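Read off the chains here:
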Amino acid sequence: MSESITIPEQTLYLPIPTPVTAVRMLTKTECLITVELDPDRIEPYRPGQFFMLSLPGIGEAPISVCSPPEAYPRLQLCVRRVGKVTAHLHQLAVGSTIGIRGPMGNGVPLEQLKGQDLLIAAGGLGMVPLHALINHIVKNRADYGTVTVLYGAKEPGELLFRDELLQWGSRGDLNLHIAVNIADEDWMGHVGMITTLFQYVSVDVAKTAAVIVGPPVMYHFVMQEIRKLNLPPERIFLSLERRMKCGVGKCGHCQINEITVCQDGPVFSYDQLKTLPEAI
Ligand SMILES: Cc1cc2nc3c(=O)[nH]c(=O)nc-3n(C[C@H](O)[C@H](O)[C@H](O)COP(=O)(O)OP(=O)(O)OC[C@H]3O[C@@H](n4cnc5c(N)ncnc54)[C@H](O)[C@@H]3O)c2cc1C
Ligand code: FES
């Protein structure tokens, strides 16, 4: 489905000490960490890939690439605080060092998306890898046709990258639609599930590809809407999130039937997943 990627053996197992160059809170629970990768030891990355971030004595967590490939060797990572590792990642200061393995996984098939109209749907933290993709598209805008972005969050306070949302929304060449499930008194936008944004979508089936990233519950309902658009399954791409340990296909933690999410994915075409009801 996507271009194959060879990860150098040394970065498969060995966390590379990597300096933190910026830390910024984006919301109450998400922070944006910027690190400077060592280009001699860590390969360029692409949207949809992930890195294993480690803190000695604490643990390791898979975190998606958040910056576009053009930013390399700089890398941005957006981390939601949910447990032990992510809580410690939130305490990082500029000048500290974290261990990094990767980039892991296949990523979004950028070559297949080139020349297409794009329908991008981000649910919650799904905006993290899609932030990398959208920024890549913005930097290479002439390579793509019509671009429509649907973004759903639980509430306005959970919207990530608010400054950039404003910039994307004010560009004439990107259709951005945002929905929150529950509004607050300042919210003037759309209220409802992300699926209610499909009323604003019209696609040219002959040349549209869809990329969807969000929590498992979102896939079920978003796919119902996508099916109504009659897009071919091989042009619908979804990223699966599974519990991971090794990230390199050895431990079996991320196995779903015959697929190994960390190796074969995490990005799959719907064509690959439609016979695997356990996957989405
Ligand atoms: C490919 C991939 C990409 C990811 N990208 C990001 C990202 O960009 N930003 C980000 O904040 N998180 C991302 N995650 C999820 C992140 O890896 C987990 O939240 C993290 O490992 C939790 O570690 P912890 O020690 O803080 O929490 P733990 O103490 O391990 O768990 C705390 C809670 O989080 C849940 N949890 C743990 N791991 C996962 C997981 N993999 N998926 C869903 N829930 C989990 C547990 O069930 C528990 O409720 C990604 C996961 C995968 C597999
Ligand atoms: S995380 Fe170990 S096999 Fe995928």
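Residues numbered from 1 in each chain as written. Chains lettered and ligands numbered in written order. Predicted model: local features only at pLDDT ≥ 70, side-chain atom pairs only at ≥ 80, totals over all residues. Heavy atoms only, no water.

**Student:** How should empty space enclosed by the protein be read in this particular structure?
**Tutor:** To find leftover empty space, one rolls a probe the size of a water molecule over the atoms. Across all of its chains, the model carries 1 cavity of 30 Å³ or more by this definition. Around the largest cavity, the lining residues are P47, G48, V108, P129, L130, L133, V211, V213, S239 and V267. Of all the secondary-structure elements, those providing two or more residues to the lining of the largest cavity are helix 4 (127-139) and strand 11 (208-213). Per-element accounting of the lining of the largest cavity gives the leading share, 3 residues, to helix 4. (1 Å grid on protein atoms, 1.4 Å probe; cavity = no way out; pocket = protein on both sides within 12 Å on 5 of 7 lines; lining within 4 Å. Points joined across faces, edges and corners; volume = space filled by probe spheres on them. Helix = DSSP H or I, 4+ residues; strand = E, 2+ residues; numbered from the N terminus.)

**Student:** Could you clarify how one ought to interpret the sheet that holds strand 6 (residues 97-104) in this entry?
**Tutor:** Sheets are built from strands paired through backbone hydrogen bonds, the pairs being either parallel or antiparallel. Reading across from one edge, 4-3-6-1-2-5 is the order of the 6 strands in this open sheet, with antiparallel pairing throughout. Edge positions in the sheet fall to strand 4 (59-64) and strand 5 (74-80), since each has one partner strand and no second. Neighbour-to-neighbour, the strand axes of this sheet turn through a mean angle of 40°, independent of strand direction. In the sheet, strand 2 (residues 30-36) pairs with strand 5 via 7 bridges, with the strands oriented antiparallel. (Pairing = 2+ DSSP bridges. Axes fitted to C-alpha atoms, helices over the stretch in contact; angles between N-to-C directions.)

**Student:** I keep staring at the site of ligand 1 and nothing clicks. Help me out?
**Tutor:** Taken together, the neighbourhood of ligand 1 is formed by 19 residues, with P62, C78, R80, T86 and E241 sitting nearest. With respect to ligand 1, the backbone of V85 contributes an N or O atom lying 2.9 Å from an oxygen atom. In isolation ligand 1 exposes 870 Å². Once the protein is present, 72% of that is buried. Among the detected pockets, ligand 1 sits in the largest pocket. When contributions to the shell around ligand 1 are tallied by element, the ones reaching two or more residues are strand 4, strand 5 and helix 2 (84-90). The dominant element in the shell around ligand 1, judged by the number of residues it contributes, is strand 4, at 4 residues. Grouping the constituent residues of the shell around ligand 1 by class yields 11 nonpolar, 3 polar and 5 charged. (Near = heavy atom within 4 Å. Polar contact = N/O pair within 3.5 Å; in protein donor to acceptor, adjacent residues only side chain to side chain. Areas by Shrake-Rupley, 256 points an atom, 1.4 Å probe, with all protein chains shown as cover. Sits in = over half its atoms within 2 Å of the grid points. Nonpolar A, V, L, I, M, F, W, Y, C, P; charged D, E, K, R; others polar.)

**Student:** Any chance you could explain the pairing of strand 8 (residues 147-153) here in plain terms?
**Tutor:** Looking along a regular strand, one sees the side chains alternate between the two faces of the sheet. Most of strand 8 sits inside the fold, with 7 of its 7 residues counted as buried. Neither face of strand 8 is exposed, since V147, V149, Y151 and A153 on one face and T148, L150 and G152 on the opposite face are all buried. Sheet analysis places strand 7 (residues 117-123) next to strand 8, joined by 6 bridges and oriented parallel. Residue A122 lies in a different strand from strand 8, and its bridge partner there is Y151. For the segment spanning strand 7, helix 4 and strand 8, crossover handedness is right-handed. Taken together, the 6 bridges between strand 8 and strand 9 (residues 175-180) define a ladder with parallel strand orientation. (Buried < 20%, exposed > 50% of the residue type's maximum accessible area, 1.4 Å probe, protein only. Right-handed = clockwise from strand over helix to strand, strands pointing away.)

**Student:** I'm lost on the domain arrangement of the protein chain in this one. Help?
**Tutor:** A common way to report how large an interface is uses the accessible area buried once the components associate. The assigned domain composition of the protein chain is domain 1 (9-104) and domain 2 (110-238). One C-alpha centre belongs to domain 1, the other to domain 2, and the line joining them spans 24 Å. Residue-level contacts link 17 residues of domain 1 with 16 residues of domain 2. Our enumeration of links across domain 1 and domain 2 arrives at 0 salt bridges. In this assembly, domain 1 and domain 2 are joined by 4 residue pairs in polar contact (both at pLDDT 80 or more). Those elements that place two or more of their residues in the side of domain 1 that touches domain 2 are strand 2 and strand 5. Element by element, the count of residues in the side of domain 1 that touches domain 2 is highest for strand 5, at 3 residues. A breakdown of the residues in the side of domain 1 that touches domain 2 according to their chemical character gives 8 nonpolar, 5 polar and 4 charged. (Domains from an automatic or database assignment. Contact = heavy atoms within 4.5 Å. Salt bridge = Lys/Arg side-chain N within 4 Å of Asp/Glu carboxyl O.)

**Student:** Where do I start with the pattern of salt bridges in this structure?
**Tutor:** Pairs can form between side chains of opposite charge once their charged atoms are near each other. Scanning the model with the defined rule gives 7 salt bridges in all. Note that E60 is salt-bridged to R101, the shortest N-O span being 2.7 Å. Highlighted residues: E60 in strand 4 and R101 in strand 6, separated in sequence by 41 residues. Where D117 meets K207, a salt bridge forms, and the shortest distance between an N and an O atom there is 3.7 Å. Residue D117 is found in strand 7, and its partner K207 is found in the loop between strand 10 (190-191) and strand 11; the two are separated by 90 residues along the sequence. Salt bridges linked by common partners bring R141, R171 and D173 together as one network.

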